[in-house]
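Now for the letters of each chain:
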Amino acid sequence: MNFLLNDKRKLVITLAVLLFIGFAATTLVNYFVSKSVIRESIVANELPLTSDNLYSEIQKDLVRPVLIASMMANDTFLRDWVIDGERDTGKITKYLREIKQRTGTITSFFISERTRVYYQTEGVLKRVLEDDPRDAWYFRVRTMDAPYEISFDPDLANKGVPTTFINFRVFDYDRRYLGVAGVGLAVNTIRGLINKYQERYQGSVYFFDQQSGALLFGDKAHVAGTTISSIEGLGDLAERIRQEGAGNYQYQSGGRNHLLNVRLVPELKWYLFVERVEDEALAGIRHTLYINLSICIVISLIVLLATSLTINHYQSQLEAMATTDKLTGLSNRQACDLLMPQALSEARRAKAPLLAIMIDIDHFKNVNDRLGHLAGDSVLTQLAQAIKGTLRESDIVCRWGGEEFLIVVKGSAEVQGKTLAEKIRASVANGAFRYRDTAVPVTISLGVAFYVDGESPEQLVARADKALYEAKETGRNRVCVAA
């Protein structure tokens, strides 16, 4: 911990990592929990509820043709007309035409078992033949046990348009088989209904004919006759769906997970498939995840910026406190210990002169004793300003300790150095030092030492200090130069 606190860069990086990990972990945990909850909601609630609602609409939209075909199969007119010998073709044609017009179906028809004639809205279409593959459906219906079937076949009366036929077996009053009656819906009509369901419920809706394995979709991407086995992933579920029937399933297709609810529509003998692609269903929460992560990054950056600025601010204050004398505002001795080696190094490289001036206030103890320590502090502060006023920005001046000051002057030859020291002395001696309303006479003694090549900072300061001692011993208020 101390290692981090002592290295600002490492501290900021560590905070960044901790903040990001914390925010990211919280966001990701929330995402995966929400994802699981939403997925469970889709499987357990949304898809089954959609399936129930669709079943109600299907009963209204698609079961109606089954009821129409049932009505035809039990119509007394149709049965009486057949039992009477099918003598007036115009009557059956008119009957079928009215059924078609009233119900909005694409076609209505009747095929007689006795004559094998195929009647439809425009009259006689043909005779059904056992060796004609196009008529195989009739002979299948003829022998089946169920009262009706729904099949997907081309409508020969309408240029082979793909059509959904409801084929209902017709019996006389003694349950003798008379033929097949029914209506047809264009596949595109059913597709339109499926598209309407998909738009309303925001999911994929399609039908599965268990008998043929055919799937009927609303979109144009799947042509009529598409089977369950031809759909990637879904084909693997075909047998399971046939065995289990209604329920929830899932499969992989195109690299995406599909959630599927299956429900039997007994009136149609179809299975209703309601499906959601998991990725699409979770797109909203994934978008929220990206927003949250972006917010996390922005907040982390703001916190780090604020932390860095705060650390810089306090570090600057600490550095100032560590290197500045609080009373005079000058550099303190610790700062001088750092600055002097740099100044000597520069002087050696540039072969330039450099001198050190050590200053001490004469009889400073008397000021403290006579006027108090606050007066002494005031004198020190005024003296610091007076010394600074005679120096350049590049010169170094610090409070060495107590009433002593050290000046390091760069680029001054011996004569210039002596002149500068004398100027400082005279400026102080002639200065108007005051404490409150009391004038305080102040003089200083100065020791000057010129840098000798190869000399250490300590040696230079020691020679300046020795010269200062000489100035004090020889009367004070004077400048002495070290030999």
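That block above? That's the structure.
To keep things clear, this report deals only with the structure shown in the data block. (Residues numbered from 1 in each chain as written. Predicted model: local features only at pLDDT ≥ 70, side-chain atom pairs only at ≥ 80, totals over all residues. Heavy atoms only, no water.)

**As for the pattern of salt bridges**
Here comes step 1: Scanning the model with the defined rule gives 21 salt bridges in all.
Here comes step 2: Ionic pairing is found between E98 and R102, a salt bridge with its closest N-O pair at 3.8 Å. Of this pair, E98 and R102 both sit in helix α5 (residues 89–103), four residues apart, roughly one helical turn.
Here comes step 3: The network of salt bridges with common partners includes E113, R116, E130 and R142. (Salt bridge = Lys/Arg side-chain N within 4 Å of Asp/Glu carboxyl O. Helix = DSSP H or I, 4+ residues; strand = E, 2+ residues; numbered from the N terminus.)

**Considering the nonpolar core**
Here comes step 1: Among the nonpolar cores identified, the biggest contains 46 residues, and I58, L62 and L268 are the most heavily contacted of them.
Here comes step 2: With residues up to four places along the chain from it excluded, the contact list for L268 reads I58, L62, V63, V66, Y148 and I150.
Here comes step 3: Within the second largest apolar cluster, 30 residues are counted, among which are L391, I407, V442 and V448. (Core = buried A, V, L, I, M, F, W, Y, C linked by side-chain atoms within 4.5 Å. Buried < 20%, exposed > 50% of the residue type's maximum accessible area, 1.4 Å probe, protein only. Contact = heavy atoms within 4.5 Å.)

**Digging into the side chain of E455**
Here comes step 1: Mapped onto the elements of the fold, E455 is located in the loop between β17 (444–450) and α15 (457–473).
Here comes step 2: For E455, a relative accessible area of 9% puts it in the buried group.
Here comes step 3: There is a polar contact of 2.5 Å between the side chain of E455 and the side chain of R463. (Polar contact = N/O pair within 3.5 Å; in protein donor to acceptor, adjacent residues only side chain to side chain.)

**A closer look at the packing of helix α11 (residues 333–350) against α15**
Here comes step 1: Two elements in contact, α11 and α15, have axes separated by 10 Å at closest approach and are oriented at 100°. Classed by the angle they form, the pair α11 and α15 counts as roughly perpendicular. Residues M340, P341 and L344 of α11 lie in contact with α15, whose contacting residues are P457, L460 and V461.
Here comes step 2: Class assignment for the residues of the contact of α11 with α15 results in six nonpolar, no polar and no charged. (Axes fitted to C-alpha atoms, helices over the stretch in contact; angles between N-to-C directions. Parallel < 35°, antiparallel > 145°, perpendicular 65-115°, else oblique. Nonpolar A, V, L, I, M, F, W, Y, C, P; charged D, E, K, R; others polar.)

**A short note on the sheet that holds strand β14 (residues 404–410)**
Here comes step 1: Sheet architecture is open: five strands sit in the order β13-β14-β12-β17-β18, paired in mixed fashion. Two strands lie at the open edges of the sheet, namely β13 (396–401) and β18 (479–481), each paired on one side alone. Strand-to-strand twist of the sheet, defined as the mean angle between neighbouring strand axes without regard to direction, takes the value 20°.
Here comes step 2: Here five bridges tie β13 to β14, and the two strands are oriented antiparallel to one another. Residue R399 lies in a different strand from β14, and its bridge partner there is F405.
Here comes step 3: Here α11 sits on the sheet in contact with β12 (354–361), β13 and β14, set at roughly 140° to β13. (Pairing = 2+ DSSP bridges.)

Geometric values such as these leave the question of function open.
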